[in-house]
Amino acid sequence: MSPLPADSTGDGHRAGRPRSALAAGPPPGPARPEFWRSPLRGPWLTAVFGLVLLFGITVMFVTGLLSYAAYNPDLAAVNDQTPDKGWLGFYLFAWPTGPSWLYRLNQGVHVTLGVVLVPVLLAKLWSVIPKLFAWPPVRSPAQALERLSLLLLVGGALFEFITGLLNIQLHYIFPGSFYTLHFYGAWVFIGAFVVHVTFRLGRMTRALRTRRLRTELRTTAAATVPEPFDGTGLVAPRPARATMSRRGALGMVGAGSLVLFVVTAGQSIGGALRRTALLAPHGQNPGTGPNGFQINKTAASVGIRPADIGPDWRLTVRAPGHESVLTLDQVRQLPQSTAALPIACVEGWSTPDQHWSGVRLSDLAALVGLHGDLPEVFVESVERGGSFSSTVLRDNQVRNPHSLLALQVNGADLSPDHGYPARVIVPANPGVHNTKWVTRLTFGATT
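Residues numbered from 1 in each chain as written. Predicted model: local features only at pLDDT ≥ 70, side-chain atom pairs only at ≥ 80, totals over all residues. Heavy atoms only, no water.

Would you mind going over the packing of aromatic side chains with me for this structure?
The geometry of an aromatic ring pair is captured by the separation of the ring centres together with the interplanar angle, meaning the angle of the planes. The tally for this structure, following the rule as stated, stands at 15 aromatic pairs. Between the aromatic rings of W36 and F133, the centroid separation amounts to 5.9 Å while the plane-to-plane angle is 40°, which identifies the pairing as tilted. With W36 in the loop between α1 (10-23) and α2 (43-69) and F133 in the loop between α4 (118-132) and α5 (141-168), this residue pair connects regions lying 97 residues apart in the sequence. Under the relative-accessibility criterion, W36 is labelled buried at 14%. In this structure F133 comes out as partly exposed when scored by relative accessible area, which is 35%. With a centroid separation of 5.9 Å and 45° between ring planes, the pair formed by Y71 and F388 is classed as tilted. Here Y71, found in the loop between α2 and α3 (102-116), pairs with F388, found in the loop between β5 (377-381) and β6 (390-393); they are 317 residues apart in sequence, far enough to count as distant. One aromatic cluster in this structure is built from F61, W87, F90, Y91 and W187. When the ring centre of W126 is taken as origin, the NZ or CZ atom of R41, which lies over that ring, is 4.2 Å away. (Phe/Tyr/Trp six-rings, centres within 6.5 Å; stacked < 30°, edge-to-face > 60°. Helix = DSSP H or I, 4+ residues; strand = E, 2+ residues; numbered from the N terminus. Buried < 20%, exposed > 50% of the residue type's maximum accessible area, 1.4 Å probe, protein only. Lys NZ or Arg CZ within 6 Å of the ring centre and 35° of its normal.)

Written out as structure tokens, the structure reads:
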């Protein structure tokens, strides 16, 4: 009996099926180049969106790293929300206390820019979507690695933007800690981003030179023609008639970013724009009066009971070999100082300068025998739930004359939601590290 032909039956037939399927071309649908009809897609438009993202994402990554450094995570375990970070924390440094608005500016830029770039990111993904359906899916090991890097790039971008936007609204619907997920996600994304830019920067530069932006901004939809067909897979082989110009596409994306800026930036900039900050976290404003500025967590939400902050409240101040326990009246009798400082949080919102009064941290250190070269201090709260119930402040923060254990704000006692009877306020400090409902200060300790 003669052997069966490889393309008829048996194992040879099964082995030949994938080859014959690939030879037959892509299946109907988005894998076929003619499925994509937009005459606007092409290397130039993709390069324009890519250039904006190149600069925007770079700034976002740098401000994100600085935001993480502001927590002084290398100082103590209670400050570090990303354990086992290893060498990813190579750049950490002692976060400065001046200017006092430093963290407010950094986080405002980080969050606002992230929101503003959403339309640009979506436009960039729209411009390259035919590439995601390229056929065959894998042509070679090198092409497989390239597609894997694109998967990490696109997936990482969507993950970082989505988790960041959810964090702005205080919606923690994802499993695990936002800080850990966002931190590691950022490093995965930026690694894929650097690889992508390295291989595509030359192509992007050449594409940008093929057309003048000024010319495109003057071209109407009727005069819009597709870019010359090439091998990039972006230009439609059978384009439809243009119903929008590239000027219109760029304008639509720019308008979307402008609207998002208007409804976001006010939470950081303040002033008249604060009323337009529709995307700021809502339900966090306690009302009017001296304590009428934004909060993240109320006393009730973290288990503060009236007895915890009532007449029996005590402040314990410790240092090696010394301890002092003070009532609220005794704390009030200590020398009082004032400082005009904002509150700024990781979600991007911040307040204008509030006028705080209380006892300098350096004076409390002197109370337990510490003078001159002051050490760090472990700050503990009476709160029972939630994260950041304690923090460690670095020595430069303790020494700053504007670092206070505040008892009043804007001329009135702190409200329970703002940390009555005492809270920490430190220049350029992330909001969560300005610990509220303070009950113990341990100088020279990190736990």
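When you look at the environment of R440 in this model, what are you seeing that I'm missing?
Relative to the elements of secondary structure, R440 occurs in strand β10 (residues 438-443). You can call R440 partly exposed: its relative accessible area is 25%. Considering only alpha carbons, one finds R440 and S381, 59 residues apart in sequence, at a separation of 7.0 Å. With residues up to four places along the chain from it excluded, the contact list for R440 reads L315, T316, R318, F378, V379 and E380. (Contact = heavy atoms within 4.5 Å.)

For this particular structure, what's the right way to read the sheet that holds strand β1 (residues 315-319)?
Two modes of strand pairing occur in sheets, parallel and antiparallel, and in both the strands are linked by backbone hydrogen bonds. Taken in spatial order, the 5 strands line up as β2-β1-β10-β5-β6 in an open sheet, and their pairing is mixed. The sheet is open, and its two borders are formed by β2 (322-326) and β6, each paired with just one other strand. On average, adjacent strands in this sheet sit at an angle of 15° to one another, irrespective of strand direction. Sheet analysis places β1 next to β10, joined by 3 bridges and oriented parallel. What sits directly across from R318, in β10, is T442. (Pairing = 2+ DSSP bridges. Axes fitted to C-alpha atoms, helices over the stretch in contact; angles between N-to-C directions.)

What is the right way to look at the side chain of S268 in this model?
Along the polypeptide, S268 turns up in helix α9 (residues 266-269). Setting aside chain neighbours within four positions, we find S268 in contact with R104, G108, T112, G348 and S350.

Teacher, can you tell me more about helix α8 (residues 246-262) here?
Every α-helix winds through 3.6 residues per turn, so residues three or four apart in the chain are directed the same way. Here α8 contains 17 residues, and its C-alpha end-to-end distance of 24 Å stays within 8% of the 24 Å for a straight helix at 1.5 Å per residue. Close packing links the buried residues of α8 with α2, α3, α4 and α7 (213-218). (Expected span 1.5 Å × (residues − 1).)

Just to check I follow, could you spell out the pattern of salt bridges for this structure?
Opposite charge on two side chains permits pairing when their charged atoms draw close. All chains considered together, the criterion is met by 12 salt bridges. Among the ionic pairs, D373 bridges to R399, the shortest N-O distance being 3.9 Å. Note that D373 is positioned in the loop between α11 (361-367) and β5 and R399 in helix α12 (residues 395-399), a separation of 26 residues in sequence. A relative accessible area of 68% means that D373 is categorised as exposed. Bridged by salt links that share partners, the residues R211, E216 and R246 form one connected network. (Salt bridge = Lys/Arg side-chain N within 4 Å of Asp/Glu carboxyl O.)

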